[in-house]
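This is what each chain is made of:
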Amino acid sequence: MTVQMTGPRSIGRARRTVLLTGASGVVGRALLPRLRDFDVVCLVHRSPVSGPNVTTVAGNIAEPMFGLAERAYAELAARADAVIHCAAVTDFNRTDGSLEATNVTGTEHVAAFAAAAKAVLYHVSTAFVHTTADGDRGRTAVGYAASKSAAEEAVRSSGVPHVILRPSVVIGDSVTGEIAAFQGLHQVVAGLFAGIVPMIPFDPGWPIDFVPADVVADAIGTVVENRVSEGEFWVSAGEAALSLDEGVAVVVEFARGLGVHIDMPRFVPPDMFDRLIGPVFLDALPAKIRRNVLRMLEFFTVYLQSGQLKPSSLDQLVALGARPLPDQRESLRSSLRYWAAQHGYGRAGTETEKAA
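Residues numbered from 1 in each chain as written. Predicted model: local features only at pLDDT ≥ 70, side-chain atom pairs only at ≥ 80, totals over all residues. Heavy atoms only, no water.

Chemist: Mind showing me how you'd approach unusual backbone geometry here?
Modeler: Most peptide bonds are trans, and most residues other than glycine sit at a negative phi. Located in the positive-phi region is Met65, a residue other than glycine, with phi close to 55 degrees. Structurally, Met65 can be placed in the loop between β3 (54-58) and α2 (70-79). Of note, the phi angle at Arg227 is positive, near 55 degrees, even though the residue is not glycine. With respect to the helices and strands, the residue Arg227 is situated in the loop between α6 (213-225) and β11 (230-235). (Helix = DSSP H or I, 4+ residues; strand = E, 2+ residues; numbered from the N terminus.)

Here it is in structure tokens:
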């Protein structure tokens, strides 16, 4: 892929100004400290954000011109040298129209702003943009994937210079494990800790692709710093991804290091589970636990994608100056350590080292 760079927008300007949407989300929160060399204007809808180089503007991407008055919109466009679009609804189960309003229409409004600002648009999509349903399981995720696919098409058809970045499953910081909100992978960890995952109906050798939040943030920051103005980058582990059984083994070992004894789940063929085991197993569970198990199955169905390795552009990004992918097991342990500490496992800071 040819990477195109743009020149400076105005000669002599010491710092560039970036408009950032979704600053309070998982990627946005990790990105704010990475953008320390920029003046960052965060378009804030509900959740406040702050930082030494951060100013905020109240607005809503679902509304034309972000709901701003014409003069305020024009002034904001005059300030922005680049636009990073992270805002998205990621809840698979939304049925209130917010997936389309935010992910599709909102992206159209952000692209229109980038055109008004004569700025490059850095659109954060997902590595699972092509997700399809596997029978009944995974069906709720298709609406989310379709909205992200439509958002990408809105960017491509907008005519603005743009870069599309596709992160895979985002976990916590590779060192601290910190994350703005616990995600689906953390729900799976909770289920394993609670002992409600005696079996996993997937091939143990299938890859589970995840990338730490700081790596995603650094990848985005790198393309912005280098003024890359076109291209598509997969921010994913690719061939470096752990297999499912390797990832689960890390969780089991970690839990035991905290004194939480859990058994390694048994892997069973998906078709056997769906035909013979699932109906009996799920019906026997209390309603709340059954819902949690179904959410975990949904997570695995979407993010395992039948054993397919994701493409990865990390080598290209490293060539531009981005950090390489850290050790996957160590990154996962960092996320587990942070999750455990937040959930009251008092020995998470010491006993984990034994598990590592």
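More follows now that the structure is in view.
Chemist: What exactly am I supposed to notice about the pattern of salt bridges here?
Modeler: Side chains that carry opposite charge are capable of pairing whenever their charged atoms lie near each other. Under the criterion given, the structure shown has 13 salt bridges. In this structure, the salt-bridge partner of Glu75 is Arg71, at a minimum N-O distance of 3.2 Å. Of this pair, Glu75 and Arg71 are both found in helix α2, four residues apart, which corresponds to roughly one turn of the helix. What makes Glu75 partly exposed here is its relative accessible area of 43%. Residue Arg71 is classed as exposed on the basis of its relative accessible area, which comes to 65%. The partner of Glu232 in a salt bridge is Arg166, with the nearest N and O atoms 3.0 Å apart. With Glu232 in strand β11 and Arg166 in strand β6 (residues 162-167), this residue pair connects regions lying 66 residues apart in the sequence. One salt-bridge network, held together by shared partners, links Glu152, Glu153, Arg156, Arg166 and Glu232. (Salt bridge = Lys/Arg side-chain N within 4 Å of Asp/Glu carboxyl O. Buried < 20%, exposed > 50% of the residue type's maximum accessible area, 1.4 Å probe, protein only.)

Chemist: Just to check I follow, could you spell out the sheet that holds strand β4 (residues 82-85) for this structure?
Modeler: Either a parallel or an antiparallel arrangement is found when strands of a sheet pair, and the pairing is made through backbone hydrogen bonds. Taken together, the seven strands give an open sheet; going across it, the order is β3-β2-β1-β4-β5-β6-β11, and neighbouring strands pair in parallel fashion. Every interior strand has two partners, whereas the edge strands, β3 and β11, have only one. Between one strand axis and the next, the sheet turns by 20 degrees as a mean value, whatever way the strands run. The pairing of strand β5 (residues 120-124) with β6 spans four bridges and is classified as parallel. The residue of β6 that forms the bridge with His123 is Ile164. (Pairing = 2+ DSSP bridges. Axes fitted to C-alpha atoms, helices over the stretch in contact; angles between N-to-C directions.)

Chemist: What exactly am I supposed to notice about empty space enclosed by the protein here?
Modeler: All chains considered together, the criterion is met by four cavities of 30 Å³ or more. A volume near 110 Å³ is recorded for the largest cavity. Taken together, Leu185, Val188, Val189, Leu192, Ile208, Phe210, Leu244, Gly247, Val248, Val251, Phe300 and Leu332 make up the lining of the largest cavity. Breaking the lining of the largest cavity down by element, the ones donating at least two residues are α5 (184-194) and α7 (244-257). When the residues that make up the lining of the largest cavity are grouped by side-chain class, the tally is 11 nonpolar, one polar and no charged. (1 Å grid on protein atoms, 1.4 Å probe; cavity = no way out; pocket = protein on both sides within 12 Å on 5 of 7 lines; lining within 4 Å. Points joined across faces, edges and corners; volume = space filled by probe spheres on them. Nonpolar A, V, L, I, M, F, W, Y, C, P; charged D, E, K, R; others polar.)

Chemist: Explain the layout of surface pockets here, please?
Modeler: Rolled over the atoms, a probe sized like a water molecule indicates the empty space that remains. In this structure, the second largest pocket encloses a volume near 220 Å³. Val26, Arg29, Ala30, Pro33, Arg34, Asp173, Thr176, Glu178, Ile179, Ala180, Ala213 and Asp214 together form the lining of the second largest pocket. Among the elements of the structure, α1 (26-34) and α6 are those that each provide at least two residues to the lining of the second largest pocket. Broken down by element, the residue count for the lining of the second largest pocket peaks at five residues, all from α1. Looking at the lining of the second largest pocket, its residues break down into six nonpolar, one polar and five charged.

Chemist: Would you mind going over the side chain of Glu152 with me for this structure?
Modeler: Inspection of the secondary structure puts Glu152 in helix α4 (residues 139-158). Setting aside its immediate chain neighbours within four residues, Glu152 contacts His123, Ser125, Val129, Ile164 and Arg166. (Contact = heavy atoms within 4.5 Å.)

Chemist: Just to check I follow, could you spell out the packing of aromatic side chains for this structure?
Modeler: Pairs of aromatic rings are described using the distance from one ring centre to the other and the angle between the two planes. For the coordinates displayed, the defined rule picks out nine aromatic pairs. For the ring pair Phe66 and Phe113, a centre distance of 5.4 Å and an interplane angle of 40 degrees mean the geometry is tilted. On the criterion of sequence distance, the pair formed by Phe66 in the loop between β3 and α2 and Phe113 in helix α3 (residues 98-117) is long-range, its members being 47 residues apart. Take Phe66 and Phe113: they sit in the same class, and that class is buried. When the ring of Phe193 is compared with that of Trp339, the centres are 4.9 Å apart and the planes differ by 70 degrees; the resulting orientation is edge-to-face. On the criterion of sequence distance, the pair formed by Phe193 in helix α5 and Trp339 in helix α11 (residues 328-342) is long-range, its members being 146 residues apart. (Phe/Tyr/Trp six-rings, centres within 6.5 Å; stacked < 30°, edge-to-face > 60°.)

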